[in-house]
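# An overview of the molecular structure
Chain by chain, the residues:
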Amino acid sequence: MRALLIWLTLTGAAWADGERAGDFDYYVMSLSWSPNWCAYEGDARGSDQCDPRHDHGWILHGLWPQFERGYPSNCRSSERNPSRGDTNAMADIMGTGGLAWHQWKKHGRCAGLSSDDYFALSREAYGRITRPPLLRKLEDPVRLPASVIEEAFLEVNSELSADMITITCRDRYIQEARICMTRDLEFRTCGRDVIRDCTQSNAQFDPIR
């Protein structure tokens, strides 16, 4: 265990737990493709996010305070926790109030904001990125290089460049689009530990149900 901790420290791969709120360098906004998440996890959970009545595509997984290397989590904060009504009000862009609560607890406290301001900032960040409308028009599952999803975002966001976004995969599915933003929500270059693009050439991408 001691050797592992030393390795993590030397490589800068460790994250900080319980750090002081407000101490971070930039944000990573994570967008999850809901149909894929439902296929590999959400359906088995019986998540309301996966009910077809919602018509979810890219949902906001979270707005994460980030260091240039690593990230803070579960920060110490004197701010009150959000109410159930506050978290449920985020379900339209986050899928469920449960996800909103989890994101506040793990990441939101680290922003040094009240829960109201953090959720308002998260909604503003979500509104600053254009989600490729073409992806909502798919009728059948497709397999494609993960780079195609990145190119789709770059095509409809002229201020975004390839070093400001990364596409991740999980269980052979496209998982998330992660966009790096300044504390003022301007697009910026991602840190080296964030830019780890999925290299799969046949990742699955499911259509909206």
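Look up: the structure comes first, before these words.
Here, residues in each chain are numbered from 1, in the same order as that chain's written sequence. Per-residue local features of the predicted model are confined to residues with pLDDT of at least 70, and side-chain atom pairs are confined, for both listing and counting, to 80 or more; whole-chain, interface and lining totals are unaffected and use all residues. Calculation of side-chain values draws on the structure's entire complement of heavy atoms; hydrogens and water are dropped beforehand.

A separate point is the side chain of His107. Topologically, His107 is positioned in the loop between helix H5 (97-106) and helix H6 (115-127). Residue classification places His107 among the buried positions, given a relative accessible area of 6%. In this description a helix means any DSSP run of H or I spanning at least four residues, a strand means any run of E spanning at least two, and both kinds are numbered starting from the N terminus. Per-residue accessibility, obtained with a 1.4 Å probe over protein chains only, is compared with the maximum for each type, and a residue is labelled buried under 20%, exposed over 50%, and partly exposed between these values.

Okay, unusual backbone geometry next. Of note in this structure, Asn74 is not a glycine but carries a positive phi near 50 degrees. Along the polypeptide, Asn74 turns up in the loop between strand E4 (72-73) and helix H3 (84-88). By relative accessible area, which is 33% here, Asn74 ends up partly exposed. Of note, Leu185 is a non-glycine position whose phi angle comes to about 70 degrees, a positive value. Within the secondary structure layout, Leu185 lies in the loop between strand E7 (173-181) and strand E8 (203-205).

Here is the idea: a disulfide is a covalent bond, and it sits between the sulfur atoms of two cysteines. The disulfide criterion used throughout: a pair of cysteine sulfur atoms within 2.5 Å. Tallied over the entire structure, the rule returns four disulfides. Disulfide pairing places Cys38 opposite Cys50 at an S-S distance of 2.1 Å. On the S-S bond that ties Cys38 to Cys50, the torsion sits near -95 degrees, and the link is left-handed. Of this pair, Cys38 sits in helix H2 (residues 34-45) while Cys50 sits in the loop between H2 and strand E3 (58-66), placing them twelve residues apart in sequence. Neither residue differs from the other here; Cys38 and Cys50 are each classed as buried. Between the sulfur atoms of Cys169 and its disulfide mate Cys198 the distance is 2.0 Å. Between Cys169 and Cys198 the disulfide shows an S-S torsion of about -95 degrees. By sign, it is left-handed.

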